[in-house]
Amino acid sequence: MLCYLDDLINTVGSGQSVDVNYLDCEKAFDRIPRGRLLVKLQATGIEGSVLGPCLFLVYINDLVNNLESSISLFVDGAKIYIISSEEDVEALQRDMERLDTWSDKWLLIFDTDKCKSMHIGHRNHQVSYRFRGSILNRSTQEKDLGIVISSDLKSSAHVAMVTAKANSCLGIIKRNFAILNREILVPFYLSLVRPILDYGVQA
């Protein structure tokens, strides 16, 4: 996540723009064909039992092969991004077509209703990308690993989300205790509220 955000900030800071396509696998753990998963496990030399998310990552690990764009894989999807010059836009569209072909070959369907395209930077061409026979919906903000990423790269939407979540947790604590003194509040705050505030914050 830090490398991804660093790429975005450096690229936009240098006056360029970035296009990011967020991809979501439809029922990721339920849709993996077992026979094809075994083929991939044998190819990587893995034997025995491994937990579901690990198996899913093994299954989609070759998704990145032959792509021109940067890509990050997650347990139930991926994000693919590239600097938004005319040549790069064409490369990203070719990569979307490669992912479409990969999806057909390995029978892992992407949920196109949840797949989004975000355009970042002032000089962005706002290109529409096609994927699985339809144009990706545009988004101005996406929740990415629990962090809200906005197309303007400002943190206000993320801060608002974290503040609301922390205040909600504090409200639950206050409603459930008739007497709320320091000895009661501090342990609850440190174990329930503070992790919400600290998540995704660089030390």
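As the structure is a prediction and not an experimental result, all values here were calculated from the model.

### A look at the overall build of the chain
Secondary structure summary: the chain contains six helices and nine strands in total. Here the chain holds 203 residues, and 36% of them are scored as buried. Taking as baseline every contact in the chain between residues at least 6 positions apart, the subset at least 24 positions apart corresponds to 60%. Surface summary for the chain: the accessible area is close to 12000 Å², and the carbon and sulfur share equals 54%.

### Concerning the pattern of salt bridges
The full count for this structure, using the stated rule, is seven salt bridges. The salt bridge partner of R132 is D100, with a shortest N-O separation of 2.3 Å. Of the two residues, R132 sits in the loop between strand 5 (130-131) and strand 6 (134-135) while D100 sits in helix 4 (residues 86-106), which places them 32 residues apart along the sequence. Residue class for R132 comes out partly exposed when judged on its relative accessible area of 25%. A salt bridge links R132 to D104, with the shortest nitrogen-to-oxygen separation between them at 3.1 Å. Taken together, the residues R132 in the loop between strand 5 and strand 6 and D104 in helix 4 connect sequence positions 28 residues apart.

### Some thoughts on the layout of surface pockets
Counted as a void, the largest pocket has a volume near 470 Å³. Every residue lining the largest pocket is counted, 21 residues in all, and those nearest its centre are L5, I147, S155, H158 and G200. Of all the elements in the fold, those that place two or more residues in the lining of the largest pocket are helix 1 (2-13), strand 9 (147-150) and helix 5 (156-175). Here the residues of the lining of the largest pocket sort into 14 nonpolar, six polar and one charged. In this model, the second largest pocket occupies a volume close to 270 Å³. If you go around the second largest pocket, you meet 13 residues; those closest to its centre are Y22, L23, D24, D76 and K143.

### Quick word on helix 1
With 12 residues, helix 1 extends 16 Å from end C-alpha to end C-alpha; this agrees with the ideal 16 Å at 1.5 Å per step. Among the residues of helix 1, those classed as buried are Y4, L8 and T11. On an axial view of helix 1, the arc spanned by its buried residues comes to 75°, and they lie on one face. Pointing more than 90 degrees away from the buried face of helix 1 are the exposed residues L2, C3, I9 and G13. Looking at the buried side of helix 1, the elements it contacts are strand 1 (18-24), strand 3 (77-83), strand 4 (116-120), strand 8 (141-144) and strand 9. Of the residues one or two after helix 1, G15 is the one with positive phi, at around 90°.

### With respect to the packing of aromatic side chains
Within this structure, the stated rule accounts for three aromatic pairs. Each ring, one from Y4 and one from Y81, has its centre 4.9 Å from the other, and the planes form 70°; the classification is edge-to-face. You can see Y4 sitting in helix 1 and its partner Y81 sitting in strand 3, a full 77 residues away along the chain. Neither Y4 nor Y81 differs from the other in exposure class; each is buried. Ring geometry for F177 against F188: centres 5.0 Å apart, planes inclined by 50°, an arrangement best described as tilted. Of this pair, F177 sits in the loop between helix 5 and helix 6 (182-198) while F188 sits in helix 6, and the two are 11 residues apart along the sequence. Classification of F177 as partly exposed rests on a relative accessible area of 29%. A cation over a ring is seen here: K79 above Y4, with NZ or CZ 3.8 Å from the ring centre.

About the thresholds
- Residues numbered from 1 in each chain as written.
- Predicted model: local features only at pLDDT ≥ 70, side-chain atom pairs only at ≥ 80, totals over all residues.
- Heavy atoms only, no water.
- Helix = DSSP H or I, 4+ residues; strand = E, 2+ residues; numbered from the N terminus.
- Buried < 20%, exposed > 50% of the residue type's maximum accessible area, 1.4 Å probe, protein only.
- Contact = heavy atoms within 4.5 Å.
- Areas by Shrake-Rupley, 256 points an atom, 1.4 Å probe, with all protein chains shown as cover.
- Salt bridge = Lys/Arg side-chain N within 4 Å of Asp/Glu carboxyl O.
- 1 Å grid on protein atoms, 1.4 Å probe; cavity = no way out; pocket = protein on both sides within 12 Å on 5 of 7 lines; lining within 4 Å.
- Points joined across faces, edges and corners; volume = space filled by probe spheres on them.
- Nonpolar A, V, L, I, M, F, W, Y, C, P; charged D, E, K, R; others polar.
- Expected span 1.5 Å × (residues − 1).
- Arc of directions from axis to C-beta.
- Phe/Tyr/Trp six-rings, centres within 6.5 Å; stacked < 30°, edge-to-face > 60°.
- Lys NZ or Arg CZ within 6 Å of the ring centre and 35° of its normal.

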